[in-house]
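Chain residues, written in single-letter form:
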Amino acid sequence: MDGVWLPAGAFLISVLLLIVYFTKSNTKSLETYIYARLIILNFLFSLIGMGVYIYSMTIGDISIVSIIQKVYLSILSSIGFYMFLYCVAINQLKEKSYNKIKNVAGIFTILIVIGVLLLPIETILYDSVLDVGGTAYYCAMVALITFFVFIIIMTIGYFFKNRAKFKKCIPFLVLFALCIGGFLLRRYYPEVITETFFFSFFFLIMYFTIENPDLKMIHELNAAKDAAERANRAKSDFLSNMSHEIRTPLNAIVGFSECILNENDLESAKSDAKDIVMASQNLLEIVNGILDISKIEADKMEIVEAEYNLRDNLDSLAKLMIPRIGEKPIEFQTKFAPDIPPVLYGDSAKVKQIISNILTNAVKYTERGIITFEVNCINKDNACSLVISVEDTGRGIKTDKIDTIFNKFERLEEDRNTTLEGTGLGLAITKRLVEMMGGKIVVQSKYGAGSKFTVYLKQEIRNTPQKQEKVYAVTVANADFSNKKILVVDDNGINLKVATRLLQPFKVIVEECESGEDCLERIKDGASYDLILMDDMMPRITGTETFHELEKLPDFKTPVVVLTANAIEGMRDKYLQEGFTDYLAKPIDKLELERVLGLTLAHTNEEVKEEIFEPLPEELFDINVPLKSDE
Ligand code: ADP
């Protein structure tokens, strides 16, 4: 019975491990889950190991010893399986691959266990030596050796992939040393049973090196602290960037406004005012960019899909570039494939924003030469794969800088950009929008020669004929609305002043009022207007509430246009659903104001030309016409 000390020691270690491990709260991970199963199996393994030794050395009934040995070998095979799984888990394979490996190894282990239980086993007892053989024993050894070979391969692989985390390999290195030691010991001292002790010792080392719940908790806390610090740094960087970006145009606005106050010469004042308008537009672009990027990063940006006509969007985008090119000696070419389907389904506003960003950059960073705006498509199975490219002969981008242009606030060669306004947000937003829609953006560029931005996007093709919408083309630039009366409702005095001043060139009669109540009173008292421009966010009674009160009045038919700084995406639709005639975002865009005046006052004004475009020819919607790609 001298040899009982090792199995007894193994049993005590396994009990100690169970108690220490399961009385502590633990982190939840795949490795922890497998380790928990391993130490339970190890407890059973060392218990049976000690039991079989004591039984064979005392009672020694061979048939009972053989049965216990079979159970002992089955548990040993299962330990091999879970150790192998643990190694797969630390290699962090994808869930699908992990599950596949687990299933194959699991079936292999079940077959081995069935083999061990059914096949014959030979148990020999002589002079305090318990020796085992037979096909059942060899079956278990095959499983164990197979798993060990894979464990060695994976440990080596893990070591080379994650040298910094080599600590995870330590227990396995100890295991290999124990296996060799155990083999030699058994060879020279066959009466010593080493397996259970070595396994318990191995799991103890695992506990102290990689599976200690306290250490794991500390690691998790450190990781959470690092993440919080990173987020805090990003927030500080963002704020300091913002402060810089916003103050730059504000500086121009405040500075030039001061100049105008002290200016006597009208021409100089006008020139300063032009600079103020430019700085304000830049500021607006920055604010919109920040709102967009913040929404994207907070996962709040949504894809709003609807049917749209890409061709129309492309034409209007191309037209918008002409004034931007201005006097520059640039030839602007457009090449739109004739097989672009008339109706696509997708987020047309975002598609427009993407194209507009890369087109604007091409114009901004090209001094002379050619800008080619090309759109091709491959139509297949109701899907249209769009290839949108903008190629320029501008300044180009250095190869090592190409990836950085998609970072937010990243602007290359700031010293060359001093005269070109920009925030460094455009391409960051563009890339994220393209990716949100499942597309890709690729840049090819040669420094000093030019760049080509290509966007790949897939959109659904719809065969529904386009709605024949009433499209107004209203010429208001020289229109005289002198007999028209407009009421502007806004609680902010400055905003009232801005709206009134912007309406002045149209020669309308403008009345101002500062609250919803005042507006309601005026209408109830019999005042009549041709148009009401209504701010929404007002104290006591909001613009929307005032509008609904107005609607209740008998004979109230005046168009009411909401005038709001609540200009985030989706707001336009929300206000139109409330019943407002139209929507004007603050700051008021001159062209938008012209459009709204044209639409709302046009019906009663003979001088304004109103056109309804001809409907598109029916053949365009004939789905039997073969697509180019099908030919
Ligand atoms: P920005 O507001 O500065 O234009 P973007 O995010 O749109 O910001 O672009 C980031 C940077 O990428 C620009 O500052 C510019 O240096 C570079 N860039 C973008 N488009 C082009 C282009 N077509 N040609 C050369 N450089 C470009």
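Residues numbered from 1 in each chain as written. Predicted model: local features only at pLDDT ≥ 70, side-chain atom pairs only at ≥ 80, totals over all residues. Heavy atoms only, no water.

The next thing to look at is the overall build of the protein. In terms of helices and strands, the protein carries 17 helices and 14 strands. Here the protein holds 631 residues, and the buried ones make up 42% of them. When contacts within the protein are restricted to residue pairs at least 6 apart in sequence, those whose partners lie at least 24 apart make up 71%. For the protein, the accessible surface area stands at approximately 35000 Å², while carbon and sulfur atoms represent 58% of it. (Helix = DSSP H or I, 4+ residues; strand = E, 2+ residues; numbered from the N terminus. Buried < 20%, exposed > 50% of the residue type's maximum accessible area, 1.4 Å probe, protein only. Contact = heavy atoms within 4.5 Å. Areas by Shrake-Rupley, 256 points an atom, 1.4 Å probe, with all protein chains shown as cover.)

Here we come to unusual backbone geometry. Lys-586 connects to Pro-587 through a cis peptide bond whose omega is -5°. Positive phi outside glycine occurs at Asp-381, with the angle close to 45°. Among the structural elements, Asp-381 can be located in the loop between β6 (369–380) and β7 (383–392). Residue Asp-381 is classed as exposed on the basis of its relative accessible area, which comes to 73%. Unusually for a residue other than glycine, Asp-555 sits at a positive phi of about 65°. Locating Asp-555 in the fold gives a position in the loop between α15 (543–552) and β13 (560–564).

Before going further, it helps to spend a moment on the sheet that holds strand β10 (residues 485–489). Taken in spatial order, the five strands line up as β11-β10-β12-β13-β14 in an open sheet, and their pairing is parallel. With partners counted over all chains shown, the strands left at the sheet margins are β11 (509–513) and β14 (582–585), one partner each. Ignoring which end each strand starts from, the neighbouring axes of this sheet average 20° apart. Pairing geometry for β10 and β11, over five bridges, is parallel. The residue of β11 that forms the bridge with Val-488 is Glu-512. In the packing of helix α14 (residues 516–524) onto the sheet, contacts are made with β10, β11 and β12 (531–535), and the angle to β11 comes to roughly 130°. Running at roughly 145° to β12, α15 makes contact with β12 and β13 of the sheet. (Pairing = 2+ DSSP bridges. Axes fitted to C-alpha atoms, helices over the stretch in contact; angles between N-to-C directions.)

This part takes up the pairing of strand β8 (residues 440–446). Burial along β8 is one-sided: Ile-441, Val-443 and Ser-445 are buried, while Lys-440, Val-442, Gln-444 and Lys-446, pointing the other way, are not. As paired strands, β8 and strand β9 (residues 450–461) are joined by seven bridges and run antiparallel to one another. Its bridge partner lying in β9, Lys-446 is registered against Gly-450.

Moving on: the packing of helix α3 (residues 62–90) against helix α7 (residues 195–209). In a pair of packed helices, the angle between the axes and the distance between the axes together describe the arrangement. α7 packs onto α3 with a crossing angle of 25° between their chain directions and a minimal axis gap of 13 Å. Here α3 lies roughly parallel to α7, going by the angle between them. Helix-helix and strand crossings are classified by hand; for α3 and α7 the assignment is left-handed. Contact residues: Tyr-72, Leu-76, Ile-79, Met-83 and Tyr-86 in α3; Glu-195, Thr-196, Phe-199, Phe-202, Phe-203 and Met-206 in α7. (Parallel < 35°, antiparallel > 145°, perpendicular 65-115°, else oblique. Left-handed = near helix turned anticlockwise from the far one by under 90°.)

Glancing now at the pattern of salt bridges. The full count for this structure, using the stated rule, is 17 salt bridges. Where Arg-432 meets Glu-297, a salt bridge forms, and the shortest distance between an N and an O atom there is 3.5 Å. You can see Arg-432 sitting in helix α12 (residues 426–436) and its partner Glu-297 sitting in helix α9 (residues 266–297), a full 135 residues away along the chain. Look at Arg-432 and you get partly exposed, because its relative accessible area is 25%. You can call Glu-297 partly exposed: its relative accessible area is 41%. A salt bridge links Lys-552 to Glu-549; its shortest N-O distance comes to 3.1 Å. Here Lys-552 and its partner Glu-549 are both found in helix α15, three residues apart, which amounts to about one turn of the helix. According to the relative accessible area criterion, Glu-549 is partly exposed, its value standing at 32%. (Salt bridge = Lys/Arg side-chain N within 4 Å of Asp/Glu carboxyl O.)

With that out of the way, let us pick up the confidence of the model for the protein. Taken residue by residue, the protein gives an average pLDDT of 85. The fraction at 70 or more is 90%. Between residues 468–475, whose pLDDT stays under 50, and residues either more than four places distant or in other chains, the model counts 20 contacts. Scored below 50 in pLDDT, residues 604–631 shows 40 contacts in the model against residues more than four places distant or in partner chains. (pLDDT = per-residue confidence, 0-100.)

Tyr-35, Ile-79, Met-83 and Phe-203 are the most contacted members of the largest nonpolar core, which totals 55 residues. Those elements that place two or more of their residues in this core are α1 (5–22), α2 (30–58), α3, α4 (95–118), α5 (135–161), α6 (170–188) and α7. With 14 residues, α3 is the largest single contributor of residues to this core. In this structure, Met-83 is in contact with Leu-38, Phe-148, Ile-151, Leu-175, Phe-199, Phe-202 and Phe-203, ignoring residues within four places of it in sequence. (Core = buried A, V, L, I, M, F, W, Y, C linked by side-chain atoms within 4.5 Å.)

Here we come to helix α8 (residues 213–261). The terminal C-alpha atoms of α8 lie 70 Å apart, and with 49 residues this matches the ideal 72 Å at 1.5 Å per residue to within 8%. The sharpest bend along α8 comes to roughly 25°, located at Arg-247, with the proline Pro-249 sitting one to four residues further on. Contacts from the buried residues of α8 go to α1, α2, α7 and α9. Looking at where α8 begins, the residue whose side-chain oxygen comes 2.9 Å from the main-chain nitrogen of Asp-214 is Asn-212. (Expected span 1.5 Å × (residues − 1). Bend = angle between axes of the 7 residues up to and from the residue. Polar contact = N/O pair within 3.5 Å; in protein donor to acceptor, adjacent residues only side chain to side chain.)

What follows covers the packing of α2 against α7. Contact geometry for α2 and α7: axes closest at 9 Å, N-to-C directions at 155°. Taken together, the axes of α2 and α7 lie roughly antiparallel to each other. For the pair α2 and α7, the crossing hand works out as left-handed. Where α2 abuts α7, its residues Tyr-35, Leu-38, Ile-39, Asn-42, Phe-45, Ser-46 and Gly-49 lie against Glu-195, Thr-196, Phe-199, Ser-200, Phe-203, Met-206 and Tyr-207. By residue class, the composition of the contact of α2 with α7 is eight nonpolar, five polar and one charged. (Nonpolar A, V, L, I, M, F, W, Y, C, P; charged D, E, K, R; others polar.)

In this structure, the second largest pocket occupies an estimated 1000 Å³ of space. Lining the second largest pocket we find 32 residues, and of these Tyr-137, Met-141, Phe-183, Arg-186 and Glu-195 sit closest to its centre. Those elements that place two or more of their residues in the lining of the second largest pocket are α2, α3, β2 (129–133), α5, α6 and α7. In the lining of the second largest pocket, the residues fall into 24 nonpolar, four polar and four charged. (1 Å grid on protein atoms, 1.4 Å probe; cavity = no way out; pocket = protein on both sides within 12 Å on 5 of 7 lines; lining within 4 Å. Points joined across faces, edges and corners; volume = space filled by probe spheres on them.)

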